[in-house]
Each structure stands twice: as C-alpha cells, then as structure tokens.
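Remarks on the overall topology
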Amino acid sequence: MFLKSFFNTIILNDPPTYFKVGLEVAFNFLVWFFLFYYFKIDGFKTLVAYLAFLILANLIFKVYKTTFRYFNVSDLLKIFFISLGSFVLSILITQPHFAETHVVNLFFSSITILIVPRLLLKILFASKVDSKKTKALIYGAGENGIYFKRAYQNNLGFQISGFIDDDNSKVGKLIDGVPIMDLNIKKIKKLYKNSYTHVIISTDNFTIKRKNYILRTLTEIGFIVYRLPNKEEIINQSTDRSKVVEFSVDQLLSRDEISIDFKKFETFINGKTILVTGGAGSIGSEIINQLKEFKNLNIIGIDNSEFNLFNAINKFKEFSNIQFYLKDITDKVSMDLFFENNKIDIIFNAAAYKHVPIFEDNPYSGFKNNVLGCSYLVQKAVEKNIEKFVLVSSDKAVNPTNLMGASKRICEAIVANTKSGKSKTVFLSTRFGNVLDSSGSVVPTFKSQIAKGGPITITDLKIERYFMTIPEASKLVLEATRIGKGSQIYVFDMGEPVKIYDLAKKMLLLSGLNETQVPIIETGLRKGEKLYEELFLDSEVVGKSDENPNLLIGKKVSLTEEQNKTLNDLITIFENGQIVKFNELDIKQIVPEYNKMS
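One structure accompanies this document, and this report is about it. (Residues numbered from 1 in each chain as written. Predicted model: local features only at pLDDT ≥ 70, side-chain atom pairs only at ≥ 80, totals over all residues. Heavy atoms only, no water.)

1. Re the nonpolar core
Counted only if it meets this: Nonpolar cores are built from buried Ala, Val, Leu, Ile, Met, Phe, Trp, Tyr and Cys residues. Side-chain atoms within 4.5 Å join them into one set. Only protein chains enter the accessibility calculation, which uses a 1.4 Å probe; a residue is then buried when its area is under 20% of its type maximum, exposed when over 50%, and partly exposed in between. Every helix listed is a DSSP run of H or I at least four residues long, and every strand listed is a run of E at least two residues long, numbered separately from the N terminus. Contacts are assigned to residue pairs with any non-hydrogen atoms lying within 4.5 Å of each other.
Counting 48 residues, the largest nonpolar core has Leu291, Phe348 and Phe432 as its most contacted members. With seven residues, the single largest contributor to this core is helix H18 (residues 470-483). Ignoring any residue separated from it by four or fewer positions in sequence, one finds Phe432 in contact with Ile283, Val392, Ser393, Ser394, Asp395, Met468, Ala473, Leu476 and Val477.

2. Digging into the sheet that holds strand S21 (residues 541-544)
Backbone hydrogen bonds are what pair the strands of a sheet, in a parallel or an antiparallel way. Which entries qualify depends on this criterion: Pairing between strands is defined by DSSP: at least two bridges between the two strands are required. Note on method: axes are straight lines fitted to C-alpha atoms, helices fitted across the in-contact stretch only, with angles between N-to-C directions ranging 0 to 180 degrees.
Taken together, the nine strands give an open sheet; going across it, the order is S10-S9-S8-S11-S12-S13-S18-S22-S21, and neighbouring strands pair in mixed fashion. Taken across any chain shown, the strands that pair with only one partner, and hence form the sheet edges, are strand S10 (322-326) and S21. If you compare each strand with its neighbour and ignore which way they point, the axes differ by 20° on average. Strand direction decides the pairing type here: strand S11 (residues 346-349) and strand S12 (residues 388-394), joined by four bridges, are parallel. Residue pairing across strands places Asn349 opposite Leu391, the latter belonging to S12. Those strands touched by helix H12 (residues 306-315) are strand S9 (298-303) and S10, and its axis lies near 165° from that of S10. Seen against the sheet, H18 touches S11, S12, strand S13 (426-432), strand S18 (488-492) and strand S22 (551-555) and runs at an angle of roughly 155° to S13.

3. A closer look at the pairing of S21
Direction of pairing for S21 relative to S22: antiparallel, over a ladder of four bridges. Note that in S22 the partner of Val541 across the bridge is Lys555.

4. A closer look at the packing of helix H17 (residues 442-451) against helix H19 (residues 500-510)
Note the threshold: When an angle is under 35 degrees it counts as roughly parallel; over 145 it counts as roughly antiparallel; between 65 and 115 it counts as roughly perpendicular; any other value is oblique. Helix crossings are classified by the rotation of the near helix relative to the far one: an anticlockwise turn of less than a right angle makes the crossing left-handed, while a clockwise turn makes it right-handed. Residue type decides the class: Asp, Glu, Lys and Arg count as charged, Ala, Val, Leu, Ile, Met, Phe, Trp, Tyr, Cys and Pro as nonpolar, and the leftover types, Gly among them, as polar.
Relative orientation of the contacting elements H17 and H19 amounts to 45°, with a least axis distance of 11 Å. What the angle tells us is that H17 and H19 run oblique. Note that H17 runs across H19; the crossing there is right-handed. Contacts between H17 and H19 involve Val442, Val443, Phe446, Lys447 and Ile450 from the former and Ile500, Leu503, Ala504, Met507 and Leu508 from the latter. For the contact of H17 with H19, the class distribution of residues is nine nonpolar, no polar and one charged.

5. Structural notes on the environment of Cys411
Looking at where Cys411 falls in the secondary structure, it is placed in helix H16 (residues 403-417). Accessibility expressed as a relative area gives 1% for Cys411, which makes it buried. Beyond its immediate chain neighbours, meaning those up to four positions away, Cys411 contacts Asn370, Val371, Cys374 and Leu391.

6. Details of the environment of Ile358
Note on placement: Ile358 falls in helix H14 (residues 356-361). Along the sequence, Ile358 and Lys527 sit 169 residues apart, while their C-alpha atoms lie 9.8 Å from each other.

7. Regarding H17
To keep it simple, the criterion reads: The directions considered for the arc run from the helix axis to the C-beta atoms.
When we look at burial in H17, the residues that qualify are Val443, Phe446, Gln449 and Ile450. The buried side chains of H17 occupy one side of the element, clustering within an arc of 130° when seen end-on. On its buried side, H17 packs onto strand S15 (456-458) and H19. Once H17 finishes, Gly453 follows within two positions and takes phi at roughly 90°, a positive value.

8. Topic: the packing of aromatic side chains
For clarity, the threshold we go by: Ring pairs shown here join Phe, Tyr and Trp side chains whose ring centres sit within 6.5 Å, with only the six-membered ring taken for Trp; geometry is labelled stacked below 30 degrees between planes, edge-to-face above 60, and tilted in between.
Scanning the entire structure with this criterion turns up 13 aromatic pairs. Aromatic pair Tyr192 and Phe223: ring centres 5.2 Å apart, planes at 65°, arrangement edge-to-face. Highlighted residues: Tyr192 in helix H7 (residues 185-193) and Phe223 in the loop between helix H8 (208-221) and strand S6 (224-227), separated in sequence by 31 residues. When the ring of Phe574 is compared with that of Phe582, the centres are 5.6 Å apart and the planes differ by 40°; the resulting orientation is tilted. In textbook terms, an aromatic cluster arises when at least three aromatic residues are bridged by ring pairs, as seen for Phe359, Tyr364, Phe367, Phe574 and Phe582.

9. Regarding the state of the cysteines
Think of a disulfide as a covalent bridge from one cysteine sulfur atom to another cysteine sulfur atom. Rules: Cysteine sulfur pairs qualify as disulfides if the two atoms are within 2.5 Å.
Inspection of the entire model under this criterion finds zero disulfides. Looking at Cys374, it has no disulfide partner, and the nearest cysteine sulfur is the one in Cys411, 4.2 Å off. Judged by relative accessible area, Cys374 falls into the buried class, the value being 0%.

10. Looking at the pattern of salt bridges
Here is the rule: Counted as salt bridges are all cases of a side-chain nitrogen of Lys or Arg within 4 Å of a carboxyl oxygen of Asp or Glu.
Per the counting criterion, the structure on display carries 21 salt bridges. A salt bridge links Arg409 to Glu412; its shortest N-O distance comes to 3.5 Å. Placement of both Arg409 and Glu412 in helix H16 is noted, with a separation of three residues, approximately one turn of the helix. The class for Glu412 is buried, based on a relative accessible area of 0%. A salt bridge links Arg431 to Glu412, with the shortest nitrogen-to-oxygen separation between them at 2.9 Å. Here the residue Arg431 occupies a position in strand S13, and Glu412 occupies one in helix H16, the gap between them amounting to 19 residues. Like Arg431, the residue Glu412 is buried in the burial classification.

Written as structure tokens, this is what we have:
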C-alpha cells in the first residue's frame, strides 16, 4: 500500500526537490563507482566536485522546479549545458589522472543519469493516465491543432490519437507520432467503434458548406464534436486557447455570418450619446455590447425588467461610459423627465414584448407596450431634434397572422409616417428574422428539452423561419443607422429559410444524440403562428444597398387618412386606459394585411 502510494506520488504529483537531488546523487555514485572500479581509476574528488557544481547550478536555474511529467526538449537542453559546465569545472579544479576516453564516458554517463529517470517518469505518467482519458481526434493538422494536441499531451482530459485533414499533402504523415488521416468514412467509423468518441475542430479554414458536411458526417457516425475557441472569444476572455467549447447552432447556419464596416460606423458614431431601449434584453444588450468597443461614445440603456437590468449592469460595470436606468417607455411623465436630463443623439428602440402566444393572451398589455411606447419615443425624437431613430421590428410584421406581428407593423407605420417638420430626425425601421438564442427563441427551448431527455416539441414539421445571430441583429441596427436615409425598412439578406425540424435534428446530433433517444414530436400550430415568414410586403419597393450587398432596403407606402385617424384613436385608448374600447377596435383598420389565424 505504501509503495503504491509512493509510486503514485512520484508519477502523478511529482516528487519533492530533496527526492530529485537524492536520486541524482545516488545514481551518479553508483554509475561512477562502477566505472572507476571497471577502469581502475581514482576520481572520487572529481565526482564530489561535479555533484556540488551540478546541484548548485540546478538550484540556481530552477531545474528541480520542472515537473517530471512535463519534461521537454527545452529542459533537456538546459540540463545538458548545466551538466557540461559542471563537469568541465570539476575536471579543471581536481585535474584527475585518467584518459580522455574515460572523461567522455563519465560525462555521457552523468547526462544519461540526469535525463533517463525524467523520461521514464514522463512515459510512466502518460501510460498511467491514458486509461482515464477520452479518446479524441483533431480535425485540422495546422498550428492550432498541433498546439492543442501538445497542450493536452499530459492532461487528464483527452488522449489525442490522430488528426483528420483535408490537405492531401499532409495525409499519411505523423505529428508527434500521431497519424494524419483524411475524412475516410470507413476508417472514421472503425475508430468510433474502437472507443474514439470525440472530434475537436481546430480550424475554420473551410467553407460553410464543407463545415456543415463535416459536422453532419461526424455527428451521424456518433461523434461528439467540439471546436477550439475563436480569437474573439479568447480576446474577450470568455474562454482560453487550450479549452474546447461546444458548437453553437448559430455557427451552423448555411451561410457566412454577415459583417459590416466598423471603421465607417466609428467615424459616424464618434462623440454621440446613444439611447438603447430594452437595453437589458437579448438584442438591446448585444447592441450595447457592440457599441462598447467605440471609445468616444456615451451609451444609456433603459429597461423595465429589474432582473435583466441587474444582469446588464454587472455585465458592463467596467465601462464608465455606459449607464442603465429602470424605466418603462409607456410612462410619459418618467420619459419626459429622462429626456429633459439627457441629451440624446440616436435612439435604438429595442424595447418590445415579442413572445407570440403570450401576446395573443394579453393583447392590451402587448399593444400598449409596443405601440404606445414607440409613439412616445417618436414624439420625443421630433421634439428634441434627435438625429436618428431606429426601430427594431420583425419579419412577423409582414402580412401578420398574430397580434405581436400586427403591433410591430403599427410601430413601423408610426416610424415611417411621422412628419419631422422643423426637426432633422431621420426615422428608420429594421426587420429581424428569428434571432438565435434570444429570449423566447426556439434554441433555448430545444436545449432545455434535450437536457431533460426530450421530447423536442415542434408545432409543425414543415414550419420554416429566417434566422440570424444576435451579433448579426445588432450589426443590422448599426449599419442601418449609418446609411439610413429615412422612412425606409432595412433587412439583412439571411439566405434561405431554415426548417425548424432540421434545426432540432442538428442540435440533437451536436449533443451526441439521435431521434431514437430523444424523439421530436409535432404539437400543432399555436395561435397566430404561420408556416412561413416573409421579409417584405408586395407593395414595398425592394432594392439592395450600394454600400453593403447584404443589406436589403424597402420603401414603405404611406398610411391613408382613415388609417392615421384609427391609429391616433388607438394611442388615445392606451393613454386613457380604455381596455373595453381597445377590445372593440378592429386592428385590420390600421393593418389591412393582418389575417388572424385560428
């Protein structure tokens, strides 16, 4: 029992310094005694001098601080030169009487004594922990892949036993004794059957189409797929370079992520004060997250959720130019006071109720928050001569079949038809698709359902949605703000719509599961839900931006006098709290495209 514990201490935990010194002294005495006895020479003084110099130098240069199991080439070279110096000094001082060949034998015997125990313990450690490691392959035999392999060489996490790479010039070669393979399905399946369970993607050096094929192929075999963190995650310190992270669904969109020219935006935004309503929500907080990168800028976030506001304050507490306030945009008195005390240059209105079923069950509260709040903010923008007002809208506002979409359509109408008069305010709207991982989206719901073992519930297996990431949504707002000319609707070209069923299957595969283990069931369309979303109305003239080819621009038609009158009546109803009158109002009088679904 004692020997086993002692062995584990040496192998796994690294022995103390006195043990290392004692080991070197003992081995040197044994080997030198054998050589002196065999060659009949007297070199005891030389041995003592050598050991004294050696131990002193090792302590000075902290050789004994190096853990045996992490012994590497750099340590080997350090030991070699320390040993050489110590040996030369001991020879010069003691001047022993033996042949040059004996000197060479003694030196290399000493070097062997110093290096071999360390190498043996390193090998023993590797064999000891290999049984506890998860067998894994690395996809990408480039710099990142090699770094990761070596970082985990002595780690209890992964046993890296192979690379996969698309570069044929690398296939068949070895890195640190580990083979490089191509994506041969038969070979990869065989490895999976031999207990290889994980693949770590170490590169982004392939197209979206190729990435999706690789992920689909590996996950269908049964592998759990991870990736190395990207530069942005490392810089933001959300993870470090030697850790693996899960693939998030937003990285698996069948298109490249949309980007904007931040340098141009920085020039435009310089020195301004920005108000972000709904600043503690998914979209609002990400807009603030993007804006925080610009130094000469003041940012104010307001939100009516105390809990979300608390999280946002903690998230951005290091930034002195970001302030948060607990406010309700439908509270006119509070908002009037706010604008009296703060000079705002740009308003991003991201405050909204957006969960369709909840909105259907609470129409008065939903409409009041979205429509009345937007109306108040638009009025203040004109009154205070604010430079730009940007509404965060939704593709559900196009031919809406639910009340949330209808409320957003009304907000778009308010923004597009407000007369600035003497004010210079430019009014814009931005339409989003479904924002991945935002509050209320399908992704957090599916994650929760998978974690509980299923089932995953989908209202209809044929349902499709346009998807964008949270950063893309915030970039859309920023880009539209910079280039917007007024009374226009801006939408990112999000590619082809995605089937929710395909999204659910992809999330299952990334979790190392399949539909047999976690079933996907159909529950039927909810109130106000439709199978397909659209980006523009037929009556909206659509074109592409000259400055960003990914940006689509629609020109909204004006409201009729009757629609304007009904809209004003609606706002009066909310201001007076006339719930009965609201219930009697026909929304189609303002939004003729609204088609309620049963």
